[in-house]
Amino acid sequence: MANSAELHERRMAAVPRGVGHATSIYAKRAKNAEIWSEDGKRYIDFAAGIAVVNTGHQHPKIVAAIEEQLKAFSHVCFQVTPYENYVRLAERLNALAPVESPAKTMLISTGAEAVENAVKVARAFTGRPGIVSFSGGFHGRTLMGMALTGKVVPYKKGYGPFPADVYNVAFPNIYHGVSGEQSLAALKALFKYTADPSSIAAIIIEPVQGEGGFYIAPFDFLRSLRALCDEHGILLIADEIQTGFARTGKMFGLEHAGIKADVVTLAKGLAGGLPLAAITGRAEIMDASNPGGLGGTYAGNPVACAAAHAVLDAIAEENLCERANAIGKIILDRCNALKERSNLNCVGDVRGLGAMCAIELVKDVASGEPAPQLTQTLMKVANDNGLILLSCGIYGNVIRFLVPLTASDQIVRDGMDIFETSLTEAVTRVA
């Protein structure tokens with residue numbers, strides 16, 4: 001049996017270095033909010049596969065649904081011989097997603113595919129080419145996804161040129177001095193100086209930025225954005241790939257603002273770990289593409305659809321939206337307590353919506369200068385202490401907490417104990 005160190009050596013020889021690695025922990029098995037490595041060490045998982053296993057690792061309802069579907073068939077291609085669980089899943093998402101009824105859904109395999117297809121249907125419906133995205137946003141690693149993404153390194157550097165007619169404006173980031181009013185002004189300036197609004201098909205936004213640093217779009221800003229889109233006949237695309245499926249304390253992040261999008265992109269938490277993504281939108285928008293213009297060989301895989309039904313059942317039956325709020329309170333209370341510790345002087349900001357929480361680390365609170373070295377040291381120390389963490393942010397100085405929503409209070413508290421110990425140790429090491 002190979003251990004993690006041996007596997008990491010093999011990985012570095014066999015896998016391109018461009019495929020990043022947050023840890024050198026090689027998973028052997030997982031259960032709910034815990035992972036055991038090839039070395040037999042147990043870890044508390046505060047990453048959830050990057051917000052994928054919101055329902056925890058190996059949820060019994062999901063495992064049973066997968067096993068049952070595998071007994072029937074694993075692939076026939078929906079465009080060749082359709083199947084019931086795809087249609088039923090589309091119906092469920094049409095009813096759940098924050099879009100105006102009647103709605104329609106297409107299923108694909110990845111979040112990047114969802115974004116690509118959202119752009120396609122927006123352009124097909126409006127007959128316009130332009131797409132607007134926001135600084136710090138992340139929308140995938142395809143060419144269009146990279147064009148929309150508002151972070152150069154590591155996502156865009158060296159990969160251009162990118163598709164044309166894509167515009168990027170400042171995201172409202174209160175901690176870094178950009179208000180909602182300033183972001184709206186930047187949009188209006190874009191329409192005045194660079195691209196007439198009649199040429200813009202859609203504006204795409206994450207209700208809470210994921211890779212960008214877990215910055216929460218102010219709810220009044222989202223409402224103003226909805227009004228601006230309506231004024232100019234522009235579609236609003238909500239990228240709910242990381243915010244969806246109970247993560248923020250509601251089924252979808254946009255619900256906090258009390259508005260609806262024209263198209264919503266979904267992935268990650270949809271199928272409990274199986275590759276499945278979706279775009280749900282107003283029926284007239286989704287029907288604008290000609291037959292054959294949308295789809296994919298593996299799109300809406302039946303095993304993944306079965307898992308997704310079990311995920312939706314688990315979210316409802318186990319009240320995981322409420323659970324997200326309870327978990328988030330534990331995390332935010334602890335992080336705010338750390339912020340008040342004068343001997344640390346490294347916590348610049350604490351923020352969160354439901355169980356989508358973050359702590360931003362700085363060299364000192366007075367200057368607010370980002371502390372990426374401290375962040376990386378903290379992650380390594382936490383790994384050594386039995387906790388898996390993820391970083392994010394434009395400056396690489398944000399720790400994001402993505403605890404499975406099925407985790408017990410005790411597991412969350414234990415993880416936060418490790419986090420506090422690890423942060424104190426990391427501060428000492430970097431000093």
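Provided above is the structure to which this section pertains.
Residues numbered from 1 in each chain as written. Predicted model: local features only at pLDDT ≥ 70, side-chain atom pairs only at ≥ 80, totals over all residues. Heavy atoms only, no water.

Trainee: Would you explain the sheet that holds strand β2 (residues 34-37) in this entry?
Mentor: Paired through their backbone hydrogen bonds, the strands of a sheet run either parallel or antiparallel. Strands sit in the order β1-β2-β3-β13 across an open sheet of 4 strands; the sheet is mixed. Each edge of the open sheet carries a strand with a single partner, namely β1 (27-31) and β13 (387-388). When β1 meets β2, the two strands line up antiparallel, connected through 4 bridges. By the bridge assignment, Lys31 is partnered in β2 with Glu34. Strand contacts of helix α13 (residues 409-430): β2, β3 (42-45) and β13, with the helix running at about 100° to β3, the strand carrying the most contacts. (Pairing = 2+ DSSP bridges. Helix = DSSP H or I, 4+ residues; strand = E, 2+ residues; numbered from the N terminus. Contact = heavy atoms within 4.5 Å. Axes fitted to C-alpha atoms, helices over the stretch in contact; angles between N-to-C directions.)

Trainee: Please explain the layout of surface pockets as it appears in this structure.
Mentor: A water-sized probe rolled over the atoms picks out the places where empty space is left. The computed volume of the second largest pocket comes to approximately 480 Å³. Along its surface, the second largest pocket is lined by 19 residues, and Tyr86, Thr105, Met106, Met286 and Leu294 are the ones closest to its centre. A per-element tally of the lining of the second largest pocket places helix α4 (residues 84-96) first, with 4 residues. For the lining of the second largest pocket, the residue count by class is 9 nonpolar, 8 polar and 2 charged. (1 Å grid on protein atoms, 1.4 Å probe; cavity = no way out; pocket = protein on both sides within 12 Å on 5 of 7 lines; lining within 4 Å. Points joined across faces, edges and corners; volume = space filled by probe spheres on them. Nonpolar A, V, L, I, M, F, W, Y, C, P; charged D, E, K, R; others polar.)

Trainee: So what exactly am I meant to see when it comes to the packing of helix α7 (residues 180-193) against helix α8 (residues 219-232) here?
Mentor: Packed helix pairs are specified by the crossing angle of their axes together with the interaxial distance, meaning the distance between the axes. For the pair α7 and α8, interaxial distance at closest approach is 10 Å and the crossing angle is 20°. Regarding the angle of α7 to α8, the classification is roughly parallel. Both α7 and α8 take part in a crossing whose hand is right-handed. Counting all contacts with α7, which are made through Gly180, Ser183, Leu184, Leu187, Lys188 and Phe191, the residues of α8 involved are Phe221, Ser224, Leu225, Leu228 and His232. (Parallel < 35°, antiparallel > 145°, perpendicular 65-115°, else oblique. Left-handed = near helix turned anticlockwise from the far one by under 90°.)

Trainee: How should the sheet that holds strand β11 (residues 347-353) be read in this particular structure?
Mentor: Strands sit in the order β11-β12-β15-β14 across an open sheet of 4 strands; the sheet is antiparallel. What marks the edges here is a single partner per strand, and that holds for β11 and β14 (390-392). Neighbour-to-neighbour, the strand axes of this sheet turn through a mean angle of 25°, independent of strand direction. Two elements, β11 and strand β12 (residues 356-361), share 6 bridges in a ladder whose sense is antiparallel. Looking at β12, one finds that Val350 is bridged to Ile359. Sitting on the sheet, helix α11 (residues 320-339) touches β11, β12 and β15 (398-401), and the angle it makes with β11 is about 165°.

Trainee: Is there a simple way to explain the pairing of strand β9 (residues 263-266) in this structure?
Mentor: A regular strand places its side chains so that they alternate between the two faces of the sheet. Side-chain alternation along β9 places Val263 and Thr265 on one buried face and Val264 and Leu266 on a second face that is also buried. As paired elements, strand β8 (residues 235-239) and β9 share 3 bridges and run parallel to each other. Within β9, the residue paired with Ala238 across the bridge is Val264. Sheet topology note: the β9/strand β10 (residues 277-282) ladder contains 4 bridges and is antiparallel. The residue of β10 that forms the bridge with Leu266 is Ala278. (Buried < 20%, exposed > 50% of the residue type's maximum accessible area, 1.4 Å probe, protein only.)

Trainee: So what exactly am I meant to see when it comes to the side chain of Arg400 here?
Mentor: Relative to the assigned elements, Arg400 resides in strand β15. Under the relative-accessibility criterion, Arg400 is labelled buried at 3%. Engagement of the side chain of Arg400 in a polar contact is seen with the side chain of Gln242, the distance being 3.2 Å. Residue contacts for Arg400: discarding those within four places in its chain leaves Phe46, Ile50, Gly210, Glu211, Phe214, Gln242, Cys357, Ala358, Leu390, Ser391 and Cys392. (Polar contact = N/O pair within 3.5 Å; in protein donor to acceptor, adjacent residues only side chain to side chain.)

Trainee: What should I look at first to understand the pattern of salt bridges in this one?
Mentor: A side chain of one charge can pair with a side chain of the opposite charge when the charged atoms of the two come close. According to the stated counting rule, one finds 21 salt bridges in the structure shown. In this structure, Arg226 engages Asp230 in a salt bridge whose closest nitrogen and oxygen atoms are separated by 2.8 Å. You can see Arg226 and its partner Asp230 sitting in helix α8, 4 residues apart, about one turn around the helix. Owing to a relative accessible area of 11%, Arg226 belongs among the buried residues under this scheme. (Salt bridge = Lys/Arg side-chain N within 4 Å of Asp/Glu carboxyl O.)

Trainee: Is there a simple way to think about the nonpolar core in this case?
Mentor: One recurring pattern in soluble globular proteins is that nonpolar side chains are buried together. One finds Leu389, Phe401 and Phe419 to be the most contacted residues of the largest nonpolar core, which totals 140 residues. Counting residues per element, this core draws most heavily on helix α10 (residues 302-317), at 10 residues. (Core = buried A, V, L, I, M, F, W, Y, C linked by side-chain atoms within 4.5 Å.)

Trainee: Just checking my understanding: could you explain unusual backbone geometry for this structure?
Mentor: Glycine aside, residues mostly have negative phi, and peptide bonds are mostly found in the trans state. Cis geometry is found at the peptide bond from Ser101 to Pro102, where omega equals -5°. Within the secondary structure, Pro102 sits in the loop between α4 and β4 (103-108). Between Gly160 and Pro161 the backbone carries a cis peptide bond, its omega angle lying at 5°. With respect to the secondary-structure elements, Pro161 resides in the loop between α6 (143-148) and β6 (166-169). With a phi close to 60°, Gln58 is a non-glycine residue in the positive phi region. With respect to the helices, strands and loops of the structure, Gln58 is situated in the loop between α2 (48-51) and α3 (60-72).

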